[in-house]
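Each chain, letter by letter, is given below.
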Amino acid sequence: MKVADVLTPPTPMTEDEAKSFMNSRESGSYQLVDVRMHEEYEEDHIPGAKLVPLNELTTGGGDLDPGKPTIVY
């Protein structure tokens, strides 16, 4: 799977818009992806976020579901 299959077309969101999106949907109905490095993720991350470092995301890593909305931070 290519990144473009999961993230196209990207729609920028503000922090408030992302919070509203997540609060208005059931957990598991969307994907929350943290693209930072492992050490940064371990220090702190949004509960429920899946770690997929950017270098893995751009090579198709992360086993993301193309059928679900995806928020990447």
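In case you missed it, the structure is sitting above this.
An account of the accompanying structure is given in this report. Keep in mind the model is a prediction, meaning the values are calculated, not measured.

With respect to the pairing of strand β1 (residues 31-34)
Here's step 1: Here β1 shows two buried faces, one formed by Gln31 and Val33 and the other by Leu32 and Asp34.
Here's step 2: Direction of pairing for β1 relative to strand β3 (residues 70-72): parallel, over a ladder of three bridges. By the bridge assignment for β3, Val33 is matched with Val72.

Observations concerning the side chain of Gln31
Here's step 1: Note on placement: Gln31 falls in strand β1.
Here's step 2: Sequence-distant contacts of Gln31, defined by excluding residues within four places in its chain, comprise Leu64, Asp65, Lys68, Pro69, Thr70 and Ile71.

A short note on the nonpolar core
Here's step 1: One finds Phe21, Met22, Tyr30, Leu32, Tyr41, Ala49, Leu51 and Ile71 forming the largest nonpolar core, which totals eight residues.
Here's step 2: When residues no more than four places from it in sequence are discounted, the contact partners of Tyr30 are Phe21, Met22, Arg25, Lys68 and Pro69.
Here's step 3: Core analysis: the next-biggest nonpolar cluster, separate from the first, contains five residues, Val33, Val35, Val52 and Leu64 among them.

Cut-off values and rules
- Residues numbered from 1 in each chain as written.
- Predicted model: local features only at pLDDT ≥ 70, side-chain atom pairs only at ≥ 80, totals over all residues.
- Heavy atoms only, no water.
- Buried < 20%, exposed > 50% of the residue type's maximum accessible area, 1.4 Å probe, protein only.
- Helix = DSSP H or I, 4+ residues; strand = E, 2+ residues; numbered from the N terminus.
- Pairing = 2+ DSSP bridges.
- Contact = heavy atoms within 4.5 Å.
- Core = buried A, V, L, I, M, F, W, Y, C linked by side-chain atoms within 4.5 Å.

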